[in-house]
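# Structural overview for review
As a plain string of letters, each chain reads:
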Amino acid sequence: KKSSWKAMDSRIAIDCMQQTRDHIMTQNITVPWWFQTLLRDILAGGTGVYSPWHHFYTSKPPFHFCTMGKVATTEWRKVFCKLNKEDCVDGNSPGCNKQKCAWKTTQKMPTNAPFAVFVRDPLERLLSGFLDKCYNPRARKNQGHCAPNVVFNPTEPLVDAKNKSYANLLDSLDIEGQEKAMFGAYVDVFPLKWNVHFVPQAMFCDLHRNIDKYDFVGNMGKDFYFDLDRMGTKYGGQLPEVLNSTFGYMDHVMSGNHENTGKKNNAHATHTPTKVARFYTARTVRRALEYLSVDYVMLGLDVPEWAKQMLREESSNM
């Protein structure tokens, strides 16, 4: 039976995950350390995995949408602000949020309104998060999302047991030309403290249990624009026009362009697919696949060819 959005927005999903963690602990089941910290952090609430801002909905046309960090969330917010513009006319209406728009309509939703979601290749999403939250020192300081901050953005100098200061842990790494080393260091340690932008997608909106119940599942990959077209056609109404005004997908579809490197003139876009060779190595691919395997298994995603090629080349050189 499909879970209701009311259930997803309540403690039901949290309680289910809590039972999973309790079972692991009480039965002394051995699981990887990074999975234990993942359960710890998402259940502690600090990651925001179960926060209501991952659930958007509209009645024009009626559907629910699951959104998560580094899967075009900024653009999807624009989409729902446009779809629900009548719910926030003057910026002071009850449905308006702090951005003076409505991601959730105040209109009555049909009980059978369908579910929709876009997912993204986990390796590319991980790099996109790093480029957006960690690569630029100013972004690390201002946003505080490059966790663990005690390593990547300490507010005070680290000290040892004798109260002697450590040198900056990023010395010789956080410099031009050391992209692979810096990203490798991040991949090695980021599960010590999971940030919401890096938590596996399967953990959001109960996707690990319910993605097969979704009415529409799109992929933010090379066919992203064609999936947007498929979504617009499926739900109709004002959706195609709104999607095009936000993502500019129609020209790509008309020209048959199966390439997605991010929307032009979008300062927020990281254009990740063009940068994988600059940051990834076979070693970081293996490590990241270990952390993010839940997405590939539970969401039915394929490991990208560029990652397979890195692993093949490493194997042939041994």
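Before going into details, it helps to say that this report is about the structure given with it. Values in this document were obtained by computation on a predicted structure and should not be read as measured data.

Quick notes on the rules
Residues numbered from 1 in each chain as written. Predicted model: local features only at pLDDT ≥ 70, side-chain atom pairs only at ≥ 80, totals over all residues. Heavy atoms only, no water. Helix = DSSP H or I, 4+ residues; strand = E, 2+ residues; numbered from the N terminus. Rg over C-alpha atoms; globule rule 2.2 N^0.38 Å. Buried < 20%, exposed > 50% of the residue type's maximum accessible area, 1.4 Å probe, protein only. Salt bridge = Lys/Arg side-chain N within 4 Å of Asp/Glu carboxyl O. Disulfide = S-S within 2.5 Å. Axes fitted to C-alpha atoms, helices over the stretch in contact; angles between N-to-C directions. Parallel < 35°, antiparallel > 145°, perpendicular 65-115°, else oblique. Contact = heavy atoms within 4.5 Å. Phe/Tyr/Trp six-rings, centres within 6.5 Å; stacked < 30°, edge-to-face > 60°. Core = buried A, V, L, I, M, F, W, Y, C linked by side-chain atoms within 4.5 Å. Expected span 1.5 Å × (residues − 1). Arc of directions from axis to C-beta.

On to the overall build of the protein. Along the backbone of the protein there are 15 helices and four strands. Over its C-alpha atoms the protein spans a radius of gyration of 21 Å, differing by no more than 12% from the 20 Å that the globule rule assigns to 318 residues. In terms of its C-alpha atoms, the protein occupies a principal-axis envelope of roughly 60 × 50 × 40 Å. Put simply, the protein has 318 residues, and 48% of those count as buried.

Under the counting rule described, the total for this entry stands at 17 salt bridges. A salt bridge links arginine 283 to aspartate 188; the nearest nitrogen and oxygen atoms lie 3.1 Å apart. Of this pair, arginine 283 sits in helix α14 (residues 282–298) while aspartate 188 sits in helix α8 (residues 179–189); the two residues are 95 residues apart in sequence, bridging distant segments of the chain. Arginine 283 gets classed as partly exposed once you look at its relative accessible area, which sits at 38%. A salt bridge links arginine 287 to aspartate 188, with the shortest nitrogen-to-oxygen separation between them at 3.0 Å. Pair noted here: arginine 287 is in helix α14 and aspartate 188 is in helix α8, with a separation of 99 residues, a long-range link. If you follow the salt bridges from partner to partner, you end up with Arg40, Asp41 and Lys193 in one network.

Further remarks concern the state of the cysteines. In total, this model carries four disulfides according to the counting rule given. Taking only the cysteines that form disulfides and numbering them from first to last, the protein has the pattern 1-8, 2-5, 3-4, 6-7. In this structure cysteine 16 is a free cysteine whose sulfur lies 15 Å from that of cysteine 205, the closest cysteine sulfur available. On the basis of relative accessibility, which here comes to 24%, the residue cysteine 16 falls in the partly exposed class.

Close contact between helix α10 (residues 224–235) and helix α11 (residues 239–247) brings their axes to 8 Å; oriented N to C, the two are set at 155°. The orientation of α10 with respect to α11, classified from their angle, is roughly antiparallel. Packed against α10, whose contacting residues are Phe224, Tyr225, Leu228, Met231, Gly232 and Tyr235, the element α11 presents Leu239, Pro240, Leu243 and Phe247 at the interface.

Taken as a whole and judged by the stated rule, the model has 31 aromatic pairs. Between tryptophan 34 and tyrosine 291, the ring centres sit 5.7 Å apart and the planes meet at 70°, which makes this aromatic pair edge-to-face. Here tryptophan 34, found in helix α3 (residues 33–44), pairs with tyrosine 291, found in helix α14; they are 257 residues apart in sequence, far enough to count as distant. The same class applies to tryptophan 34 as to tyrosine 291, namely buried. When the ring of phenylalanine 130 is compared with that of tyrosine 135, the centres are 6.2 Å apart and the planes differ by 40°; the resulting orientation is tilted. Residue class for phenylalanine 130 comes out buried when judged on its relative accessible area of 0%. Owing to a relative accessible area of 28%, tyrosine 135 belongs among the partly exposed residues under this scheme.

Another aspect to go through is the nonpolar core. Ranked by internal contacts, the top residues of the largest apolar core, which has 81 residues, are Ile42, Trp76, Leu126, Met231 and Tyr280. Top element by residues in this core is α14. It accounts for six residues.

The terminal C-alpha atoms of helix α2 (residues 12–26), which comprises 15 residues, lie 21 Å apart, in line with the 21 Å expected from a rise of 1.5 Å per residue. Restricting attention to buried positions, one finds in α2 the residues Ala13, Ile14, Met17 and Ile24. End-on, the buried residues of α2 take up no more than an arc of 100°, which puts them together on one face. Facing away from the buried surface of α2 by more than 90 degrees, the exposed residues are Gln19 and Thr26.

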